[in-house]
Amino acid sequence: MNRLAKTAAAALLSVSTLALVPASPALAETVLRLDEVAVGELDPAKASDYADSILMFNVYDTLVLPAQGAPGLVPHLAESWSADGNNHTFKLREGAKFQSGNPVTAEDVVFSLDRMQAIGQGLSYLFTNVEKAEAVDDQTVTFVLKEPYAPFVASMLRLPIVDKKLVMENLGDGEGEMKDWGQAFLSANGAGTGAYKVTSHNPQQETVMAKNADYFLGVPDAAPDTVRLRYGLEPATVRTLISQGEHDISSQWLPPEVLKALSEDGAQLLTESGSGAFYVKMNTTKPPLDDPECRLALAKAFDYAAAIKMIAVTDDVSQGSPATGAIPVGMLGANPPSAELLRDMDAAKNHLNSCRYNPGDHTIEISWIAEVPLEERFALLMQANFAELGVSSEIKKMPWALFAEQVSKAENTPHISQIFNNAVTGDPDTLLYGMYDSKAPGTWQSPEHLKDSDVDRLLEEGRVNTDEAARAKAYAELNNRLMAIAPTIYGYDRQSVFAASDRVKVPAMSDPSKAFGLDGMGFSFRLMEMQDQN
């Protein structure tokens, strides 16, 4: 038999043998389906709220991560870091690549900071005190600060590293060398190293992501193959979809009774205890709330105990706990749990009598976010509370996107706004600076439009003081000052609660030893486990 015949015979035998082996069933693709409030901002230089954070933590990576089940930070894209005065140097890990295949270098880190500062949106205020970043070599980058900044390394949690080469290849229209800094491109495309790649993105409807097979840490087989993050689903729709097995994790914005009903139907209740609270913001530039006495009257009239009852889900699970001030319990500078805020109508009436305005001459506009139905209930609660003082009000429903646009100008901002805010790095600086510093008004975080020199001074002390005891003292004084001038009603300290199907396991939101302690980080899809789907 010649070589050709032998080869043909071997091939035939191989085919015949294969025919006798039962075919293995193809593994079904697992799809994780969840929802959040629109808009889903994909550009890391503009990201700031919860939906944005979910996208950032999966499409991009940062130099450090919060430790799981413990305080502190651990290496991620950086393998180590050190400080020398105002210089902070990070050594990058070897072998990390962007989803494009480009290697991660120190130049990408420099570019990511430069881009964040140039665009000046999102969480760029975290980096206003950074004079520059320098690439020492391909794997080493140094950040030079203008002055000491105690939570600087923690701020690295919010500097997603962007693929410079890819962005430079996709610059849009604009002036100067950097044109639009790739804003048009990054509004619809990912340019990160993350465990998930964006396959399609509509910021009002849905973002679809798929596993990044080349992720530098690997992605476990049990993690979802595809993720569909939907925006703006109605609570009734979410309840129906989860009950019918067509949705996996709800947003945190479901009313308590819907979460309870889903739990009774067999859904899991996942929780995330971050570092945030429910804040009722008062526009300090608009009469009568430009008078602190009038604001204090409303703050004292608010029924804090009723608010806590409104957010109970079950006997064991709640969406929050009593507030003690501007800083959530457990954070640096916070008051103890025993100092919980309580309603005091006598004090409210005394403050109102000291207000220079006649309450009957003004109607307070109370806004609530359309995608967060629980806020309508708080609006009704406030309307009833204020009416007892003789203060009339009207309630206005606003979509999130319209609210975020309107509060950019004080004259367009309602008297009363409701937001849920958190310390985006776990440090009080990143909770309070964006809300109250006079240089940071006009965002969804700061509809108070507050300008107070004492608040500015104490915020600065908390930033530049490297001594922990001195920082705690500054934040305690800041807490007291904010309570004294009442730009905000501090409703309650927040805990996020999500309903989930039994097809998904989320250790970071069900096992305290694996929790991150940073809002949104629990939605690291690579750490989730999915059951096979048909």
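Residues numbered from 1 in each chain as written. Predicted model: local features only at pLDDT ≥ 70, side-chain atom pairs only at ≥ 80, totals over all residues. Heavy atoms only, no water.

**What to know about unusual backbone geometry**
Thinking step 1. The omega angle of the peptide bond from A38 to V39 is 15 degrees, so this bond is cis rather than trans.
Thinking step 2. Among the structural elements, V39 can be located in the loop between β1 (31-36) and α2 (50-59).
Thinking step 3. Here P287 and P288 are connected by a cis peptide whose omega angle stands at 5 degrees.
Thinking step 4. Phi is positive for H449, close to 55 degrees, though the residue is something other than glycine.
Thinking step 5. Considering the arrangement of structural elements, one finds H449 in the loop between α14 (429-436) and α15 (453-464). (Helix = DSSP H or I, 4+ residues; strand = E, 2+ residues; numbered from the N terminus.)

**Points about the nonpolar core**
Thinking step 1. Ranked by internal contacts, the top residues of the largest apolar core, which has 148 residues, are L63, F90, F143, I249, Y436, F523 and F525.
Thinking step 2. Setting aside residues no more than four positions away along its own chain, F523 makes contact with L34, Y50, I54, N58, I249, F498, M509 and M528.
Thinking step 3. Judged by nonpolar contacts, the second largest core, of eleven residues, contains V258, L262, A267 and V313. (Core = buried A, V, L, I, M, F, W, Y, C linked by side-chain atoms within 4.5 Å. Buried < 20%, exposed > 50% of the residue type's maximum accessible area, 1.4 Å probe, protein only. Contact = heavy atoms within 4.5 Å.)

**Structural notes on the environment of T105**
Thinking step 1. Secondary-structure assignment places T105 in the loop between β5 (87-92) and α3 (106-119).
Thinking step 2. A relative accessible area of 18% places T105 in the buried class.
Thinking step 3. When the C-alpha atoms of T105 and P235 are compared, they prove to be 44 Å apart, with 130 residues separating the residues in sequence.
Thinking step 4. With sequence-adjacent residues up to four places away left out, T105 is seen in contact with L92 and D138.

**Topic: the pattern of salt bridges**
Thinking step 1. For the coordinates displayed, the defined rule picks out 22 salt bridges.
Thinking step 2. Across the salt bridge formed by D291 and R356, the nearest N and O atoms sit 3.6 Å from each other. Of the two residues, D291 sits in the loop between β12 (276-282) and α9 (292-301) while R356 sits in the loop between α11 (345-354) and β14 (363-369), which places them 65 residues apart along the sequence.
Thinking step 3. We classify D291 as buried; its relative accessible area is 6%.
Thinking step 4. In this structure, the salt-bridge partner of E477 is K473, at a minimum N-O distance of 2.6 Å. (Salt bridge = Lys/Arg side-chain N within 4 Å of Asp/Glu carboxyl O.)

**A closer look at helix α12 (residues 374-387)**
Thinking step 1. For α12, built from 14 residues, the straight-helix expectation of 20 Å at 1.5 Å per residue is met to within 8% by its first-to-last C-alpha distance of 20 Å.
Thinking step 2. Of all the positions in α12, only L374, E375, F378, A379, L381, M382, N385 and F386 are classed as buried. Projection of α12 onto a plane perpendicular to its axis shows the buried side chains occupying an angular sector of 165 degrees, all on one side. (Expected span 1.5 Å × (residues − 1). Arc of directions from axis to C-beta.)

**As for the sheet that holds strand β7 (residues 140-145)**
Thinking step 1. As summarised here, the arrangement of the four strands in space is β4-β5-β7-β6, forming an open sheet in which the pairing is antiparallel. Here the strands that pair on one side only, and so sit at the sheet edges, are β4 (78-84) and β6 (130-137). Along the sheet, successive strands turn relative to each other by an average axial angle of 20 degrees, direction set aside.
Thinking step 2. By the bridge criterion, six bridges tie β6 to β7 in an arrangement that is antiparallel. Bridging across to β7, E134 finds its partner in T142. (Pairing = 2+ DSSP bridges. Axes fitted to C-alpha atoms, helices over the stretch in contact; angles between N-to-C directions.)

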